[in-house]
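# Report on the structure
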Number of protein chains: 2
Amino acid sequence: MFAEAEADPSLSRDAFKKQETRLRTALVKAQYARLEAAERALVIVVAGIDGAGKGATVNLLNEWMDPRHIVTQGFGLPDERERQYPPLWRYWNALPAKGRTAIVFGSWYAPLLFEGARKHPDTDRLDALASSIRHFEEQLSANGVQLLKLWFHLSPKAQKARSKRLLASPETAWQVLPEDLLVQRHFDRLRESGHHAISRTDSPHAPWVVIPSADDNMRAVAAAQAVLHALQRGAIRVPAPGSTPAIAGRRKVLDKLDYRANVDKDDYENRLGDLQGRLARAMRDPAFRQRSLVLAFEGQDAAGKGGAIRRVTQPLDARHYEITPVAAPSPHELSRPYLWRFWRRLPRLGRVAIFDRSWYGRVLVERVEELTPAPAWKRAYGEINDFEAQLVGHGAIVLKFWLAISEAEQLKRFREREKSPYKTFKITPDDWRNRRKWPAYLAAANDMIARTDTMGAPWHVIATDDKRLARLQVLEHIVETVEKALGRG
Amino acid sequence: MFAEAEADPSLSRDAFKKQETRLRTALVKAQYARLEAAERALVIVVAGIDGAGKGATVNLLNEWMDPRHIVTQGFGLPDERERQYPPLWRYWNALPAKGRTAIVFGSWYAPLLFEGARKHPDTDRLDALASSIRHFEEQLSANGVQLLKLWFHLSPKAQKARSKRLLASPETAWQVLPEDLLVQRHFDRLRESGHHAISRTDSPHAPWVVIPSADDNMRAVAAAQAVLHALQRGAIRVPAPGSTPAIAGRRKVLDKLDYRANVDKDDYENRLGDLQGRLARAMRDPAFRQRSLVLAFEGQDAAGKGGAIRRVTQPLDARHYEITPVAAPSPHELSRPYLWRFWRRLPRLGRVAIFDRSWYGRVLVERVEELTPAPAWKRAYGEINDFEAQLVGHGAIVLKFWLAISEAEQLKRFREREKSPYKTFKITPDDWRNRRKWPAYLAAANDMIARTDTMGAPWHVIATDDKRLARLQVLEHIVETVEKALGRG
């Protein structure tokens, strides 16, 4: 894999000059074509041996292309803020819009490369890291983000010579970083780690390209050529994942709901106060400062999402929760993978995020209204499970509610809303239209629950014909789950 | 000011019920009218005596209006991330879009109220805080954000009684917060502090309304009425500030530039390396971790902004700087005050933000192309000076560059760009159009420099007919300013 690069090939000045004009012209042209089409973003991962000229190459790419449409992102060790979220959060947040290019230093490969370069790497951890990277890149590729990964490589001798040459003059010595000087001592391990990472994560949709880096001209041309090739390439079809299996016993759960149970008003007030008090206390438990709470509310129109959410937020400190109402995505949201906007609204540790409708729109309204092609929403079950698993893995408590109303009760509430002077805003032609598609939405919801009701992030189906009982049940699930997670009561 | 509220007026259940329907209907109607017009955002500041039912009222407003278009924001003491930016940064970041409503707890009044409630308040600090609030609110009001400030008030007796009532039952006891119980001991001071804050910051464009809060019904109706009134009200004209005076000796500085100086290539390479080395070392100085660097680049087309920026970034660590190319604002940027998008791209401590064009577009392109009415861009000089003063006050090192090219040299570079296969992208019909407006842009730039060349954030005018010399001068100004600020050399 590195034999060619370690032969330290070079390119004469004349050969370079000839290539330069061709490459610059083609790069700019390809960049503009990409911007105009705005079908895919390009993310270029920069990795490789330290002191191989990565930074210089990125400067060159910015010079050869139109830098206003390229963003260069450097990530270091996660800072205090970043540690409050799952590890991939910062990369999700920084995704460029379709048509644009991002160059990433300190990418999601850093932990894998670091582990691989240890004296005795933990192979389980290597496996887990490589697997999570493959999932991430597959998901990006399938959702409009093209990946190109550059590995800058050269022989140990050339690496040493380059640092020495730069250090020789005060005008260039600053280009040599402390880590560059450590490379020599561990070259074999770094090479081995790179080899492992590349072989485990190379794929047609997210290819690695090794850039021979000993010679400035060769490195520049090889990198530019790789970027050009990526810009010009059409979308690579990401292999469709196996369809997400339905979970045993969860098929069509919505078909057998009992809507008749109810609670009387006095009982309701008492139990509500009790549950809200428990929630208030749990949220102020010091143990919660290392956790977070994510609540997703879905359900038919008029099933009482808003009312239920208000009963949940009443006992919360306004500084500690955020409600995100989810409607159709805006243009700048549409230009990123559909989960992007949800990643941006995740709670930090000690906080609560409430979604009034959620990422499940992908397999509900987008499916039923045919806003998204079938392969994309079918793939979403797995993507969503993976997303929620990352949250749970980072300490989030995740609950999902499907608020179910009977057809008759919904009709009654629609009529009431039409009559009430201050509730008419809650009823729109869309609501009546959705009602006519009742069976299609119900089928979509049944499938959704069957495929995404996971141990870590379970669905709670609540019949809401009696609003009061429904609110108590929502609170009860939250309170019990949170108390359990915090080791209370 | 508080006499009426401390009389603890109440409203009967019947009177309340009558008001409720009217208010809810009118609130929803006004909210939707506002959303449709999308001319102004409404920011409601919630303050007052703790334990007066602020939280309950905000819940009620969310119930009475369409909560999907209201965002409730709670701010506590600034966290580690927030402390990296000027104090108002987090409020700027959270501004709602036009048409929408934000309710703010823990607003920019917190430091003023806290200082005012001390046993011996520092009157200089009180003055400074009140003055900075007035500036902030004036600026928001003038730029499409309407303000309403609610002060929840009641007698000490009623406050005590309310906490006692809630504490009596386990179902409501959690509503009483520790700070509510401290109110009694310091009631006089809290009242005095509120009185001071209100009298110093009440204005037609950002009015305070005192809400009698002892009685739930009265409090709800008074708050809803205040919000309704605000939603229905037309824009209040913010008094035009006195025009920003030109700084002595800075009038028409661009008219007397000498474009002939130059540097030879060898000399250039040596000095460039030396300056980049000094910059690299300064940026890695531990003292810089408590500072930040903000660079704004303006200048005529083809004056070499991109090339100069690249020479500045070469010695920087990619993880520590960000270049923001500034073009026409996007729709979600247009729906906030024009400085909003720049507040969002400020550097945290230890970082560098480079703006390739900047907030000065307000008084350059927006003025010359008549995209913004004259009163708005004239007001901008003062708003910009205030913005930069906040950055400098928080430790940022701010430099602004005007790269000036002669008309003849610009024509030469335009022609070269047209001929170069990889530079044609840099030349557009806009560039030729701007060139024909040369005198208008020059006049705007002269005015801009004369009015915003402040001690803390000076303009550096650089003649760029010789690109190399220009790059050296840019670097030299940065290096010298940074070294001085860090106490180096």
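Only a predicted model underlies this, so the values are computations on that prediction, with no experimental measurement involved.

Rules of the game
- Chains are numbered independently. Their residues run from 1 in the order of the written sequence.
- For this description, chains carry letters from A and ligands carry numbers from 1, given in the order in which they are written.
- Owing to the predicted nature of the model, reporting of local features is limited to residues with pLDDT of at least 70; listing and counting of side-chain atom pairs is limited to 80 or more, with chain, interface and lining totals taken over all residues.
- Side-chain metrics in this entry use all non-hydrogen atoms of the structure; hydrogen atoms and water are not considered.
- As a rule, the C-alpha atoms of each element are fitted with a line to give its axis, helices using only the stretch in contact, and angles between N-to-C directions run from 0 to 180 degrees.
- Strands are runs of DSSP state E lasting at least two residues, helices are runs of H or I lasting at least four, and both sets are numbered from the N terminus onward.
- Oblique is the label for every angle not falling under 35 degrees (roughly parallel), over 145 degrees (roughly antiparallel), or within 65 to 115 degrees (roughly perpendicular).
- When the near helix sits turned anticlockwise from the far one by under a right angle, the crossing is termed left-handed; a clockwise turn instead gives a right-handed crossing.
- By definition, residues are in contact when any of their heavy atoms lie within 4.5 Å.
- Each residue is assigned to one class: nonpolar for Ala, Val, Leu, Ile, Met, Phe, Trp, Tyr, Cys and Pro, charged for Asp, Glu, Lys and Arg, and polar for all the others, Gly among them.
- Strand pairing requires that DSSP identify at least two bridges connecting the strands.
- Copies are brought into register by a least-squares superposition over C-alpha atoms of residues with pLDDT of at least 70 in both.
- Defined in terms of a 1.4 Å probe, buried area is the accessible area two parts forfeit on being brought together, summed over both.
- The rule for a salt bridge is simple: a side-chain nitrogen of Lys or Arg has to be within 4 Å of a carboxyl oxygen of Asp or Glu.
- In protein, a polar contact requires one atom able to donate a hydrogen and another able to accept it; more generally it is a pair of N or O atoms within 3.5 Å, and residues adjacent in sequence count only if both atoms are side-chain atoms.
- The rule is short: rings of Phe, Tyr and Trp, with Trp giving its six-membered ring, pair when the centres are within 6.5 Å, and they are stacked under 30 degrees, edge-to-face over 60, tilted in between.
- Note on classification: 1.4 Å probe, protein chains only; a residue is buried when its accessible area is under 20% of the maximum for its type, exposed when over 50%, partly exposed between these limits.
- UniProt positions are given in the numbering used here, feature names are shortened, and annotations may be inferred rather than shown by experiment.
- The source of the domain bounds is an automatic or database domain assignment.
- To estimate the expected span of a helix, subtract one from its residue number and multiply by 1.5 Å.
- Side-chain atoms within 4.5 Å are what join buried Ala, Val, Leu, Ile, Met, Phe, Trp, Tyr and Cys residues into a set we call a nonpolar core.

## Examining the packing of helix 2 (residues 13-37) of chain A against helix 10 (residues 216-232) of chain A
How two helices pack is summed up by the angle between their axes together with the distance between the axes. All names here are of chain A. It is at 9 Å that the axes of helix 2 and helix 10 come closest, and there the two elements cross at 25°. With respect to each other, helix 2 and helix 10 are oriented roughly parallel. Like other packed secondary-structure pairs, helix 2 and helix 10 cross with a definite hand, here left-handed. Between helix 2 and helix 10, the contacting residues are Arg13, Phe16, Gln19, Arg22, Leu23, Ala26, Leu27, Ala30, Gln31 and Arg34 on the first element and Asn217, Ala220, Val221, Ala224, Gln225, Val227, Leu228, Ala230, Leu231 and Gln232 on the second. The residue inventory of the contact of helix 2 with helix 10, partitioned by class, reads 12 nonpolar, five polar and three charged.

## Some details on the sheet that holds strand 6 (residues 292-299) of chain B
Residue and element names in this part refer to chain B. Read across the sheet, five strands follow the order 7-8-6-9-10 without closing on themselves; strand pairing throughout is parallel. Edge positions in the sheet fall to strand 7 (321-325) and strand 10 (459-463), since each has one partner strand and no second. Each adjacent strand pair in this sheet contributes to an overall mean axis angle of 20°, direction not counted. Sheet analysis places strand 9 (residues 396-404) next to strand 10, joined by five bridges and oriented parallel. Looking at strand 10, one finds that Phe401 is bridged to His460.

## Focus on the relation of the copies chain B and chain A
Superposition record for chain B on chain A: RMSD 0.0 Å, screw rotation 180°, translation along axis 0.0 Å. The relationship between the two copies is best expressed as a two-fold rotation axis. By C-alpha distance to the rotation axis, the residue of chain B lying nearest is Arg81 of chain B, at 3.4 Å.

## Observations regarding the interface of chain B and chain A
Buried accessible area, meaning the area lost when the parts come together, often serves as the stated size of an interface. Opposite the 49 residues of chain B that make contact, chain A presents 49 residues. With both chains or domains summed, chain B and chain A bury close to 4,200 Å², and 59% of this area falls on carbon and sulfur atoms. Sorting the residues of chain B by area buried against chain A places Trp174, Tyr422 and Phe425 of chain B first, and these three jointly supply 18% of that buried surface. Taken together, the connections running from chain B to chain A amount to six salt bridges. In this structure, Arg310 of chain A engages Glu63 of chain B in a salt bridge whose closest nitrogen and oxygen atoms are separated by 3.5 Å. Counting across the interface, chain B meets chain A through four residue pairs in polar contact (both at pLDDT 80 or more). Among the elements of the structure, helix 2 (13-37), helix 3 (54-64), strand 2 (70-74), helix 11 (265-283), helix 12 (305-313) and strand 7 of chain B are those that each provide at least two residues to the side of chain B that touches chain A. For the side of chain B that touches chain A, the leading source of residues is helix 11 of chain B, giving seven residues. Tallied by class, the residues present in the side of chain B that touches chain A amount to 17 nonpolar, 14 polar and 18 charged.

## Regarding the packing of aromatic side chains
Tallying each qualifying case throughout the model produces 42 aromatic pairs over all chains. Ring centres 5.1 Å apart and planes at 20° place the aromatic pair Phe297 of chain A and Phe401 of chain A in the stacked group. Separated by 104 residues along the polypeptide, Phe297 of chain A in strand 6 (residues 292-299) and Phe401 of chain A in strand 9 (residues 396-404) bring together distant segments of the chain. Comparing Phe297 of chain A with Phe401 of chain A, the two get one shared label, buried. When the centroid spacing of 5.0 Å and the interplanar angle of 70° are considered together, the rings of Tyr109 of chain B and Trp208 of chain B count as edge-to-face. Taken together, the positions of Tyr109 of chain B in the loop between strand 3 (101-105) and helix 5 (110-116) and Trp208 of chain B in strand 5 (residues 208-212) put the pair 99 residues apart, joining distant regions of the chain. Accessibility expressed as a relative area gives 9% for Trp208 of chain B, which makes it buried. Through pairs of rings, three or more aromatic residues link up here, namely Phe75, Tyr91, Trp92, Trp108, Phe136, Phe342, Trp343, Phe355, Trp359, Tyr360, Phe387 and Trp459 of chain A.

## Focus: the UniProt feature "domain: Polyphosphate kinase-2-related" (unreviewed entry) in chain A
Using the residue numbers shown here, the UniProt feature "domain: Polyphosphate kinase-2-related" (unreviewed entry) corresponds to residues 11-233 and 263-485 of chain A. Split by type, residues 11-233 of chain A is 52% helix and 14% strand. Its first and last C-alpha atoms lie 26 Å apart.

## Here's the deal with the pattern of salt bridges
Residues and elements named next belong to chain A. Using the criterion set out here, one finds 72 salt bridges over all chains in the structure. Measuring nitrogen to oxygen at the nearest pair gives 3.6 Å for the salt bridge that ties Glu418 to Arg415. On the criterion of helical spacing, the pair formed by Glu418 and Arg415 is a turn pair, its members being three residues apart in helix 17 (residues 407-419). You can call Glu418 partly exposed: its relative accessible area is 38%.

## Brief notes about the environment of Tyr109 of chain B
Residues and elements named next belong to chain B. We classify Tyr109 as buried; its relative accessible area is 0%. Along the sequence, Tyr109 and Val294 sit 185 residues apart, while their C-alpha atoms lie 28 Å from each other. In this view, Tyr109 contacts Val45, Ile133, Glu137, Lys149, Thr201 and Trp208; residues no more than four positions away in its chain are not counted.

## Here we look at the domain arrangement of chain A
All names here are of chain A. The domain boundaries assigned to chain A delineate domain 1 (3-232) and domain 2 (253-485). Each side of the interface is counted separately: domain 1 has 20 residues, and domain 2 has 20 residues. At the boundary of domain 1 with domain 2, total buried surface from both sides reaches about 1,900 Å², with 54% on carbon and sulfur atoms. Its largest share of buried area at the contact with domain 2, domain 1 owes to Gln84, Trp92 and Asn143, together 32% of the area lost on that side. Elements supplying a minimum of two residues to the side of domain 1 that touches domain 2: helix 4 (89-93) and helix 6 (123-142). Broken down by element, the residue count for the side of domain 1 that touches domain 2 peaks at four residues, all from helix 6. Taken together, the residues of the side of domain 1 that touches domain 2 sort by class into 12 nonpolar, five polar and three charged.

## Overview of the pairing of strand 6 of chain B
Residue and element names in this part refer to chain B. Judged by how many residues are buried, strand 6 sits mostly within the fold: eight of eight residues are covered. The two faces of strand 6 match: Ser292, Val294, Ala296 and Glu298 on one face and Leu293, Leu295, Phe297 and Gly299 on the other face are all buried. Where strand 6 lies against strand 8 (residues 352-356), five bridges are found, and the strand directions are parallel. In the sheet register, Ala296 faces strand 8, and the bridge partner there is Phe355.

## Re helix 19 (residues 438-452) of chain A
Residues and elements named next belong to chain A. When the terminal C-alpha atoms of helix 19 are compared, their 21 Å separation across 15 residues agrees well with the 21 Å that a helix rising 1.5 Å per residue should span. Every buried residue belonging to helix 19 is among Trp438, Tyr441, Ala444, Ala445, Asn446, Met448, Ile449, Ala450, Arg451 and Thr452, and all of these are buried. If you follow the buried residues of helix 19, they end up packed against helix 15 (365-368), helix 16 (374-393), strand 9, helix 17, helix 18 (429-436) and strand 10 (459-463).

## Thoughts on the sheet that holds strand 5 (residues 208-212) of chain A
Residue and element names in this part refer to chain A. Taken together, the five strands give an open sheet; going across it, the order is 2-3-1-4-5, and neighbouring strands pair in parallel fashion. The open sheet has two free edges, formed respectively by strand 2 (70-74) and strand 5, since each of these has just one partner strand. The mean inter-strand angle of the sheet, taken between neighbouring strand axes irrespective of direction, is 25°. Alignment of strand 2 against strand 3 (residues 101-105), held across five bridges, turns out to be parallel. Residue pairing for strand 3: Gln73 is matched across the bridge by Val104.

## Remarks on the nonpolar core
Most often, soluble globular proteins keep nonpolar side chains buried together rather than apart. Core analysis: the biggest nonpolar cluster contains 139 residues, and Trp108, Leu293, Phe297, Trp359 and Ile478 of chain B have the highest contact counts within it. A domain split of this core shows at least three residues from each of domain 1 (3-232) and domain 2 (253-485) of chain B. With sequence-adjacent residues up to four places away left out, Ile478 of chain B is seen in contact with Leu279, Leu293, Leu295, Val312, Leu399 and Phe401 of chain B. With 101 residues, the next largest nonpolar core counts Ala206, Ala223, Leu231 and Trp459 of chain A among its residues.

## Looking at helix 6 (residues 123-142) of chain B
All names here are of chain B. Taking 1.5 Å as the rise per residue, helix 6 with 20 residues should run 28 Å; its terminal C-alpha atoms sit 28 Å apart, in good agreement. Burial in helix 6 covers these residues: Leu126, Leu129, Ala130, Ile133, Phe136, Glu137, Gln139, Leu140 and Ser141. Tucked inside the fold, the buried residues of helix 6 contact helix 4 (89-93), helix 5, strand 4 (145-153), helix 9 (187-201) and helix 16 (374-393). Two or three places before Asp124, at the opening of helix 6, Asp122 has a side-chain oxygen 3.0 Å from that residue's backbone nitrogen. Within two residues after helix 6, Gly144 carries a phi angle of roughly 90°, on the positive side.

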